Structure formats: structure tokens, C-alpha cells
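Listed below are the residues making up each chain.
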Amino acid sequence: MNTLKPSFRFGFTLVELLVVIAIIGVLMAMTIPAVQSIRETARQSSCLKNLREIATATTNFYTSRPDGAFPPARIQPAMVSKPMFNCGGKEPSWLVRILPYIEQENLYEGWDVSRPYNLHPEDVKNTPVELFCCPTRRSVSTAVAPDMSVNGTFTLPCGCAGTQQITVVGGASGDYAGNHGDPSPGSTGGPDDFWRGGNGTGVIISSRARCVSDSTLITGQKPGAWIDRIKSSDIKDGLSHTFLVGELHVQPDNINQMPFNGPIFNGEDLTAFARIGGPTVPIASHAYDEPGPILGFGSWHPGVTNFAMADGSVRSVSNLIDTETLGRLCHRADGLPIKNEF
């Protein structure tokens, strides 16, 4: 007589598989944000490290000079009827001047800070520096801005407005900007605007050149080559309470686009390497925040923007900081107190 043996079924039912898949999905949904948060924490730390090294390089530039001064953001004519102050305006920015102090001596050898930016070799202009890029925003391989033409406005002697097409020569871009000050004394097209030579209230400001008889610059790095020299003694509100350099605001769609994120070595494009902050110019609340008529600071980190102070320390500042306090941090000598919790 044949005996029937019981059959056994191995495997999973469809319901069991769906349950397992659902559990895996939940676990992944819980894990991915944690992993992203850990990665952003690491990027945030790297960004602060970059700022600390830039601050150290800027301080070393200061202390290495016999006449002691922070580097000028750029050379900018004063727009007054004094020929001795009206040369320059096309030379490289302050970030070129600190290259020897961030172990970029070879790149620095290709620059002449008394020579117009556009006359430098293409490979020199287009070589980005990793230290000048925030890892949350980009890699160094993508940090090059193209040549661009825009319509600019200016004020004629009659007081009426004029326009002209301005072509900005491209080059390496970046994510950090020197503190040019607060919005005072204004931006009206007049000779006292904050961005003119000598008018910035920050630490890294546009300076008038010291010109020779033929209206050209004295060789750029020599003592006395620029007039408006900001020293530690000029920062009367305290080095630890005054910004030196911070992250510049640029929306994702405007990466490497002038004027939002132009060539950082080109002294003609101020907003590429220097920014202001204060009343009417807040820190951007987030990466996609629409910029105002004057570009300020901002980051892609959640809720904060990183800064280096004039004493070399670094800190993350809330994007929601009130603009009055922000202006005091940007102004080197307004004599107003700073809240300890900024």
C-alpha cells in the first residue's frame, strides 16, 4: 500500500513580501535623512575650516607687511576731481593677494596685482582654488564663471541716469566674500557710494590707488600702493565683533553667473568677492531666497551662514539675525554694542 507523504511548501507569500518591502522602505526613509544630515554636518565643518584658513591667510598678509594693513577688496577710483586718486579699477581682487598665504605660490606667480585682470593668461584667470569653494554648494571643478555682458546704470554729471553695456571677463568663481561693510553711505550713483574707493565701512574695502603722474598705479604690493588701509586699530568695535569674511548669497540657478556669482579674482566685479549687510540687506533666509537690489551674505546650509571674524575665529550666524545687529557686525567702527547671542 502506498503511503502518501505530506508535501511542504517553501518560500513567502505575496503578502509577506509586501510587508518586508514596506518595512525596508520605512527603514530607508528613516535612514536617508540621518545620512544626509551627517554629510551636511561634515560639509558645514569643512566650510568653517575654509573660512578659518582664509582668515589666517588674511592675517598673515597683514602681519607680513611693514606697513601692516588688511588687503584692499580691490582698487577703485574715487570719482573726484583729483587725478592722483583716479587711476586703477581693473586690477585683481584681494583674493589674489592672499594666495601665497594659502600655499598657492605657484598660482600667485602668474599674477601681477598692478596689471589689469583681463591682461592675465587664461589659465591663470580660470584656475579655481578649492579653499574658496564651500563643499555644500559645489566642487572646485565647477567653479568657473564665463565672460558676460550686462546693462549697467550710472549717474551723469547732470544728475540724470545713463546706461551702458558692461562686459565682465570671466574666471574662477567661489563662495566667500570679504566684509565690505554696511549699506552706508548709500548706493545712489554718487561719489560717496559705499562701493567707491575708501568709502566702505567694513574690513575688506575698495581702496583708492596711489597714482603716479601718468595716472597709472604704483606697483601693487609695495608699501603705499593703495591709500585706504584698514588696520586692527581701525576696528574699534572689537575684532571678535566684526566680520572679516563670510559666505556670499547665490541662488542655485545663478551659480557662476554675474553679478550673483562672478569671477572672484576680477576686481571689476565687486559682488563676486565682497558683500555688505545690515538694514535693507539681510542675510538670505535660504538658498532660493530672492536677492534684493544689493547682494549680501547667505549660504546653502540649513538655517545658518558661516563667517570668520576679524580676530580669526569662525562661527555660524542665524539667517534670521535682525538686520540692525547684522549691520553692526559689518561696520568696523560704529560704536554700537553687539548682542552676545548673535
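One can find the structure itself at the top, above this paragraph.
Worth saying up front: this structure is predicted, and the values here are computed from it rather than measured. (Residues numbered from 1 in each chain as written. Predicted model: local features only at pLDDT ≥ 70, side-chain atom pairs only at ≥ 80, totals over all residues. Heavy atoms only, no water.)

**Here we look at the nonpolar core**
In this structure, Trp 94, Leu 99, Phe 132 and Phe 265 are the most contacted members of the largest nonpolar core, which totals 52 residues. No other element matches helix α1 (residues 14–64), which puts 8 residues into this core. (Core = buried A, V, L, I, M, F, W, Y, C linked by side-chain atoms within 4.5 Å. Buried < 20%, exposed > 50% of the residue type's maximum accessible area, 1.4 Å probe, protein only. Helix = DSSP H or I, 4+ residues; strand = E, 2+ residues; numbered from the N terminus.)

**A look at the environment of Asn 126**
With respect to the element layout, Asn 126 can be found in the loop between α4 (122–125) and β2 (144–145). In sequence terms Asn 126 and Ala 172 are 46 residues apart; their C-alpha atoms lie 4.8 Å from each other. The residues contacting Asn 126, other than those within four sequence positions of it, are Val 144, Gly 170, Gly 171 and Ala 172. (Contact = heavy atoms within 4.5 Å.)

**Observations regarding the environment of Asn 306**
Structurally, the position occupied by Asn 306 is in strand β10 (residues 304–309). In this structure the C-alpha to C-alpha distance between Asn 306 and Val 245, which are 61 residues apart in sequence, comes to 8.8 Å. Sequence-distant contacts of Asn 306, that is, excluding residues within four places in its chain, are made with Gln 44, Cys 47, Leu 48, Leu 51, Gly 246, Glu 247, His 301, Arg 315 and Ser 316. At 3.3 Å, the side chain of Asn 306 and the side chain of His 301 are in polar contact. (Polar contact = N/O pair within 3.5 Å; in protein donor to acceptor, adjacent residues only side chain to side chain.)

**Here we look at the sheet that holds strand β9 (residues 274–276)**
In space, the 5 strands of this open sheet follow the order β9-β6-β8-β10-β11, with mixed pairing throughout. Two strands lie at the open edges of the sheet, namely β9 and β11 (314–318), each paired on one side alone. Along the sheet, successive strands turn relative to each other by an average axial angle of 40°, direction set aside. In the sheet, strand β6 (residues 176–181) pairs with strand β8 (residues 243–247) via 3 bridges, with the strands oriented antiparallel. Paired with Gly 178 across the two strands is Val 245, which belongs to β8. (Pairing = 2+ DSSP bridges. Axes fitted to C-alpha atoms, helices over the stretch in contact; angles between N-to-C directions.)

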